[in-house]
Each structure stands twice: as structure tokens, then as C-alpha cells.
Amino acid sequence: RKEVEQDPGPFNVPEGATVAFNCTYSNSASQSFFWYRQDCRKEPKLLMSVYSSGNEDGRFTAQLNRASQYISLLIRDSKLSDSATYLCVVIDPSGTYKYIFGTGTRLKVLA
Amino acid sequence: EAQVTQNPRYLITVTGKKLTVTCSQNMNHEYMSWYRQDPGLGLRQIYYSMNVEVTDKGDVPEGYKVSRKEKRNFPLILESPSPNQTSLYFCASSLFPGGSGTDTQYFGPGTRLTVL
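So, here is what we can say about the structure in this document. (Residues numbered from 1 in each chain as written. Chains lettered and ligands numbered in written order. Predicted model: local features only at pLDDT ≥ 70, side-chain atom pairs only at ≥ 80, totals over all residues. Heavy atoms only, no water.)

Side note on the overall build of chain A
1) Next: Within chain A, the regular secondary structure consists of zero helices and eleven strands.
2) Next: Overall, chain A shows an N-to-C arrangement of helices and strands of β-β-β-β-β-β-β-β-β-β-β.
3) Next: In terms of overall size, chain A behaves like a compact globule, its C-alpha atoms giving a radius of gyration of 14 Å where 111 residues would be expected to give roughly 13 Å.
4) Next: With respect to the principal axes defined by its C-alpha atoms, chain A has extents near 45 × 30 × 20 Å.
5) Next: In chain A, buried positions account for 45% of the 111 residues. (Helix = DSSP H or I, 4+ residues; strand = E, 2+ residues; numbered from the N terminus. Rg over C-alpha atoms; globule rule 2.2 N^0.38 Å. Buried < 20%, exposed > 50% of the residue type's maximum accessible area, 1.4 Å probe, protein only.)

Section: the overall build of chain B
1) Next: A tally of helices and strands in chain B yields zero helices and eleven strands.
2) Next: Its C-alpha atoms give chain B a radius of gyration of 13 Å, within 12% of the compact-globule value 13 Å for 116 residues.
3) Next: The principal-axis extent of the C-alpha atoms belonging to chain B is close to 40 × 30 × 25 Å.
4) Next: Partitioning the intrachain contacts of chain B with sequence separation of at least 6 by distance along the chain shows that 55% fall at a separation of at least 24.
5) Next: For chain B, the exposed surface amounts to about 5400 Å²; the carbon and sulfur share of it is 53%.
6) Next: Across chain B, the 12 positively charged side chains and the 10 negatively charged ones have centroids separated by 7 Å. (Contact = heavy atoms within 4.5 Å. Areas by Shrake-Rupley, 256 points an atom, 1.4 Å probe, with all protein chains shown as cover. Lys, Arg positive; Asp, Glu negative; His and termini not counted. Charge placed at Lys NZ, Arg CZ, Asp CG, Glu CD.)

As for unusual backbone geometry
1) Next: For the bond from Gly9(A) to Pro10(A), the omega torsion is 10°, close enough to zero to count as cis.
2) Next: By secondary structure assignment, the location of Pro10(A) is in the loop between strand 1 (4–6) and strand 2 (11–14).
3) Next: Residues Asn7(B) and Pro8(B) are joined by a peptide bond in cis, for which omega reads -5°.

A short note on the pairing of strand 7 (residues 60–65) of chain A
Residue and element names in this part refer to chain A.
1) Next: Pairing analysis gives three bridges linking strand 6 (residues 55–57) to strand 7, with the strands arranged antiparallel. Bridging across to strand 7, Asn55 finds its partner in Ala62.
2) Next: Here strand 6 folds back onto strand 7 in antiparallel fashion, the turn holding two residues, of which Gly58 has a positive phi close to 65°.
3) Next: Relative to strand 8 (residues 70–75), strand 7 runs antiparallel, the two sharing six bridges. In the sheet register, Thr61 faces strand 8, and the bridge partner there is Leu74.
4) Next: Turn length for the strand 7-strand 8 hairpin, with the two strands adjacent in sequence and antiparallel, is four residues, and the turn residue Gln69 shows positive phi of about 55°. (Pairing = 2+ DSSP bridges.)

Things to note about the sheet that holds strand 7 (residues 65–66) of chain B
Residues and elements named next belong to chain B.
1) Next: Within the open sheet, the four strands sit side by side as 1-3-8-7. Their pairing is antiparallel. With one partner strand each, in any of the chains shown, strand 1 (4–7) and strand 7 form the two edges of the open sheet.
2) Next: Sheet topology note: the strand 1/strand 3 (residues 19–25) ladder contains four bridges and is antiparallel. Paired with Thr5 across the bridge in strand 3 is Ser24.

Some details on a nonpolar patch on the surface
All names here are of chain B.
1) Next: Nonpolar side chains collect at one region of the surface, where Ile12, Val14 and Leu116 lie side by side and expose about 320 Å² of accessible area between them.
2) Next: With respect to the helices and strands, Leu116 occurs in the segment after strand 11 (111–115).
3) Next: With a relative accessible area of 59%, Leu116 lands in the exposed category. (Patch = residues over 30% accessible without salt bridge, like charges linked within 9 Å, V, L, I, M, F, W, Y side chains within 5 Å. Salt bridge = Lys/Arg side-chain N within 4 Å of Asp/Glu carboxyl O.)

Looking at the pattern of salt bridges
1) Next: Throughout the structure, instances matching the rule amount to ten salt bridges over all chains.
2) Next: Where Glu56(A) meets Arg76(A), a salt bridge forms, and the shortest distance between an N and an O atom there is 3.6 Å. Taken together, the residues Glu56(A) in strand 6 and Arg76(A) in the loop between strand 8 and strand 9 (84–91) connect sequence positions 20 residues apart.
3) Next: Taking relative accessible area as the criterion, Arg76(A) reaches 25% and is therefore assigned partly exposed.
4) Next: A salt bridge links Asp77(A) to Lys79(A), with the nearest nitrogen and oxygen atoms 2.9 Å apart.
5) Next: Judged by relative accessible area, which is 36%, Asp77(A) ranks as partly exposed.
6) Next: The partly exposed category is assigned to Lys79(A), whose relative accessible area is 32%.
7) Next: Members of the salt-bridge network, linked through shared partners, are Lys18(B), Lys65(B) and Glu79(B).

Describing the pairing of strand 11 of chain B
Taken residue by residue, a regular strand's side chains alternate between the two faces of the sheet.
Residues and elements named next belong to chain B.
1) Next: Side chains Thr111, Leu113 and Val115 of strand 11 all project onto a buried face; the interleaved residues Arg112 and Thr114 project onto a face where none is buried.
2) Next: Here strand 2 (residues 10–13) pairs with strand 11 via four bridges, running parallel. Within strand 11, the residue paired with Leu11 across the bridge is Leu113.
3) Next: Summarising the sheet, strand 9 (residues 87–94) and strand 11 pair through three bridges and their orientation is antiparallel. Bridged to Leu88 within strand 11 is Arg112.

Here it is in C-alpha cells:
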């Protein structure tokens, strides 16, 4: 089993739709989780951290489910500019400070 | 402007010809890291550094070297490049290695390397 797994997509959704991505992680001791956004051929950029209680930033909501070992990202009222690849990131909990990236979920928002 | 710079941005080379990709950050960050990104495999960490003179292997360190003689610089060295090292490389830095909601990794613009 991969350490961090994501559905590669693509998710094709109309403007204004709500879309959700999940990301599963294998190490139950993991504590730190992030969502990054990557535009085609560009560098990844932090979208949001994921807190235990869940957190929201505008149209974006991130949640953590420790029991099932997954994190989720919900995007409401999708915009054309949301089209990108969304990367799930987990920090290795063994103290090595390694960042483990998922392969990403590609989102295309259609006009 | 806070940034991570990488050079060169594009490089085509031949097997066995030593090369160095430079990385520099101006944010006084402790943590720096190198990744390679390949289709279907995502971003994989090559090496990382917690501070000056402290470096550790990531998941795919074979064929690469790094050094951290100064806080701001973290060059990636390919002593004898091979075609399987053709990839998109990113350097990144953060104040501390993850865990804080206010701490983020800042990525450089990427270096597209082709080894013939």
C-alpha cells in the first residue's frame, strides 16, 4: 500500500459545482497534513493545512478522519481558476521530517 | 520579495557529465529540500537539510549529492547523470520542517532536466 494515495482523476465539473477529493494515508501515527495546489508545469503552492477539527478557508474546507486515515478537501462554488492538480501531503511521523506527497488529483472546472 | 530561486531552469545534458543545480532562498529558512517529479509518481523527496551542515536522505537519494555550507544555499549535484534522472526538479524551503499551520514549504520554479 502506498503511503499516501489519491484518486488521480481527472474530475471534470461545471462552474459552480461542489467537488470533494479524498486522500488516504497508511501510517496511523501521522500528525501533519496539508493540501497543495499545482498548476501545470508550475511549482506546488500550499493551499491549506489540515487541522484535527477541520478547517475552512473561503470556499475550501479540509477535514481529517483519523479513524479511517484519510483527509479530504471540499471546494464549493468551483471557479474556472480552480482547475489544477491538488496534492495531498503528509509528514513522516517517525521524526525524519520527510514530506510524503500523493500523486495528485487533477481538477478541471468547465465553463 | 520572499522567494526560492533555482538555476538553471532548463538543462539538456549527456550521460556522465557532472552537473549542479543551484537553489537559494532569501527567507532565512532552516529547512531545505529537493524533490523530483515524474508522471504517475508524483513528487518524491531526494534529500533534505534541517540546517547548515545537516543533510539527510529522502526517498530517492541514489545518484544525487547535496551540500549545505550556508543557510541560504542548497545545491543538488549529479556526479554522473543518467537518462533515468531526466525529470522535473524542485527545491523547497520552510522555516521549520512541517507541523505548524503557519509554516509552509515554498517551492522554487523548477528545473527541467533532460539527460541524453
